[in-house]
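# A closer look at the structure
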Amino acid sequence: MITCFEKLDNNNTDEIINKAARILKKGGLVAFPTETVYGLGANGLNAEACRKIYEAKGRPSDNPLILHIGDIKQLYDIVVDIPDNAKKLIDSFWPGPMTGIFNKSNIVPSSVCGGLNTVAVRFPSNETAKKLILASGVPLAAPSANTSGKPSPTKAEHVQHDMNGKIDMIIDGGECDFGIESTIVDFTEKIPVILRPGAITKEMLENVVGKIVFDKAVYSLLSGGEKPKAPGMKYKHYAPEADIVLVNGSAENVVKKINSLLSEDFKNGLKSGVMCRESNLKLYNSKFVLSFGNSADTAGKVLFDNLRKFDDISINKVYSETFDESNVGMAVMNRLKKAAGYKIINV
Ligand code: TXA
Ligand code: MG
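Before going into details, it helps to say that this report is about the structure given with it.

Calculation criteria
Residues numbered from 1 in each chain as written. Chains lettered and ligands numbered in written order. Predicted model: local features only at pLDDT ≥ 70, side-chain atom pairs only at ≥ 80, totals over all residues. Heavy atoms only, no water. Axes fitted to C-alpha atoms, helices over the stretch in contact; angles between N-to-C directions. Helix = DSSP H or I, 4+ residues; strand = E, 2+ residues; numbered from the N terminus. Parallel < 35°, antiparallel > 145°, perpendicular 65-115°, else oblique. Left-handed = near helix turned anticlockwise from the far one by under 90°. Contact = heavy atoms within 4.5 Å. Nonpolar A, V, L, I, M, F, W, Y, C, P; charged D, E, K, R; others polar. Salt bridge = Lys/Arg side-chain N within 4 Å of Asp/Glu carboxyl O. Buried < 20%, exposed > 50% of the residue type's maximum accessible area, 1.4 Å probe, protein only. Pairing = 2+ DSSP bridges. Core = buried A, V, L, I, M, F, W, Y, C linked by side-chain atoms within 4.5 Å.

Attention now goes to the packing of helix α4 (residues 84-93) against helix α7 (residues 202-209). Between α4 and α7, the least distance of the axes is 9 Å, while the angle of their chain directions is 120°. Taken together, the axes of α4 and α7 lie oblique to each other. Crossing geometry of α4 relative to α7 is assigned as right-handed. Across the interface between the two elements, N85, K88, L89, S92 and F93 of α4 pack against M204, L205, V208 and V209 of α7. Class assignment for the residues of the contact of α4 with α7 results in six nonpolar, two polar and one charged.

This is the structure:
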């Protein structure tokens, strides 16, 4: 299959959206930008079109997809009840990087939901995403547009790297604003449960509805028999080729520890890199140091791009600084821990 790559400019948006919508209506696959990461879209009410998503990504079939809507009216077609706390959070945060889990209606094929009775719904704020959903006339199923297990794509080039030849079209709308996937909130529980932290933080949600809890899988690796509520959280994720190790502690201790690990690796012939705050870039003795910017917000935006950059230069090991697990730091640390396979050195 030849994948058509279309870059948006000020004059061609409508033409490209119409072309993409025609492909989607025919059951094809189109990758498109959202404010979080690039999505791999298909007609979310067409089981056969969605099957192609699983094939292109190499995604396990029990891992359900998120349906993306472009108008709040579409929500009422695909879910059966909307609790009051969900309504309040929707008023505050949609369109935007929050996904809600609801009981699904009959028009949603169960294969799209990994066989569950619930469906994940998201109303993105990205203009291209909204226009594309409305032009297609149906909710679009869209997981992150990466090969299963790899870091999510935050630039169209990342999608091209993973999906070229496997999908019909890629719409290049530039770099994603947040760089980390949406916050997933399960509204089927009395007290809403965050299944995946994101840019809409627990603190922001609690400001609107009071108590919110994190699912256990957000904090830690579950033991053998335990099942996470978001099936996707049990799979290996965000894994670059290199071994990632998080080093956590006081700024001074972290720099000391990482530099001693770097010199040991160097002696052993390993190519090792570092991810750190902008202000610490010069403190590390490695040629391969990538910046997080200076806050958890900027770290979220560049994290997946950094992981892919280390792959491009075939790094063996990457040591990473950590962030405080509050606000967006919770989401950044969740992704970092998964990328590291929970390898953390406390100093
Ligand atoms: O920001 C995002 O959410 C991006 C963009 C493209 O919108 N999408 C995204 O989709 O991250 P994906 O498929 O990569 O991650 C969806 C996660 C998976 O962990 C999946 O298991 C979970 O959502 N999920 C989907 N439906 C669910 C359901 N009914 N119950 C529980 N978890 C669900
Ligand atoms: Mg994903």
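To continue, consider the pattern of salt bridges. All chains considered together, the criterion is met by 16 salt bridges. Put simply, K150 and E241 hold a salt bridge, and the shortest N to O gap is 3.0 Å. With K150 in the loop between β7 (140-141) and α6 (156-163) and E241 in the loop between α8 (216-219) and β12 (243-248), the pair connects residues that are 91 residues apart, well separated along the chain. Overall, E241 belongs to the exposed group, its relative accessible area being 61%. Between D305 and K155 there is a salt bridge; the shortest N-O distance is 3.1 Å. Taken as a pair, D305 in helix α10 (residues 296-312) and K155 in the loop between β7 and α6 lie far apart in primary sequence, 150 residues in all. One network of salt bridges, in which partners are shared, links E48, R51 and E55.

Another point: the sheet that holds strand β9 (residues 183-186). Spatially, β1-β8-β2-β3-β7-β4-β6-β5-β9-β10-β11 is the arrangement adopted by the eleven strands of the open sheet, whose pairing is mixed. Each of the sheet's edge strands pairs with one partner strand only, and the pair in question is β1 (4-7) and β11 (213-214). Alignment of strand β5 (residues 98-103) against strand β6 (residues 118-122), held across five bridges, turns out to be antiparallel. Within the sheet, the bridge partner assigned to I101 lies in β6 and is A120. Here α6 sits on the sheet and contacts β1, β2 (30-32), β3 (39-43) and β8 (169-172); the angle it forms with β8, its principal contact strand, is near 165°.

Okay, the nonpolar core next. Judged by nonpolar contacts, the single largest core of 47 residues is most densely connected at M98 and F102. Within the residue set of this core, elements represented by two or more residues are β3, α2 (47-57), α3 (73-78), α4, β5, β6 and α6. Looking at this core, the element that brings in the most residues is α2, giving five residues. I180, F292, L336 and A340 belong to the second-largest nonpolar core, a separate cluster that totals 24 residues.

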